[in-house]
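# Coordinate inspection notes
What follows is the residue order along each chain.
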Amino acid sequence: YYKSGQLSQKVTLKKGIRDGEFVSYYPNGQLQEKQIYLNNKKNGEWLYYNSNGTLHGRGNYVNNNKDGVWLFYKWDKEKISSITKEKWINGNLVK
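## Re the side chain of Ser24
Along the chain, Ser24 falls in strand S2 (residues 17–25). Overall, the relative accessible area of 4% leaves Ser24 in the buried class. Sequence-distant contacts of Ser24, that is, excluding residues within four places in its chain, are made with Ser8, Gln9, Leu31, Gln32 and Glu33.

## Quick word on unusual backbone geometry
One non-glycine residue, Lys15, lies in the positive phi region at around 55 degrees. Among the secondary structure elements, Lys15 is positioned in the loop between strand S1 (9–14) and S2. Assessed through its relative accessible area of 89%, Lys15 is described here as exposed. Despite not being glycine, Asn40 shows a phi value in the positive range, around 70 degrees. Within the fold, Asn40 resides in the loop between strand S3 (31–38) and strand S4 (41–42).

## Comments concerning the nonpolar core
Counting residues in each nonpolar core, the largest one holds five residues, listed as Trp46, Tyr61, Trp70, Phe72 and Trp88. When near neighbours in sequence (up to four residues on either side) are disregarded, Phe72 contacts Trp46, His56, Gly57, Ser82, Ile83, Thr84 and Glu86.

## A look at the pattern of salt bridges
In the structure shown here, the tally under the stated rule is three salt bridges. Note that Lys14 and Asp19 form a salt bridge whose closest N and O atoms lie 3.4 Å from each other. For Lys14, a relative accessible area of 49% translates into the label partly exposed.

What counts, and where the lines are drawn
- Residues numbered from 1 in each chain as written.
- Predicted model: local features only at pLDDT ≥ 70, side-chain atom pairs only at ≥ 80, totals over all residues.
- Heavy atoms only, no water.
- Helix = DSSP H or I, 4+ residues; strand = E, 2+ residues; numbered from the N terminus.
- Buried < 20%, exposed > 50% of the residue type's maximum accessible area, 1.4 Å probe, protein only.
- Contact = heavy atoms within 4.5 Å.
- Core = buried A, V, L, I, M, F, W, Y, C linked by side-chain atoms within 4.5 Å.
- Salt bridge = Lys/Arg side-chain N within 4 Å of Asp/Glu carboxyl O.

Take a look at the structure:
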C-alpha cells in the first residue's frame, strides 16, 4: 500500500512464490501493470499503462523472456500518435 492507503499492488503467491496474476497501481489508483507469473517467472501477456489509464505497452513473456511482437504506444491527448513495434525471440531483440 502507498502511505495514502491506496493499494499499490496485488500479487498471487503459491508456497511463497509468485504464481498467477500480478497487478500494480499508480498512487492515483489507476492500473499501472498487469502480468502473469508461473512458478515465479513471467509467462503470458504483459500490459503497462500510463498514469492516466491509457495503454503504454503490451507484449508476451515465455519463461521470464520477452517473446514475440511487443507494441509501445505514444498518445496525443486521446488518440494514439505512434506505435513502436519490437520483435523478440527468447529474450533477444530481433533487428
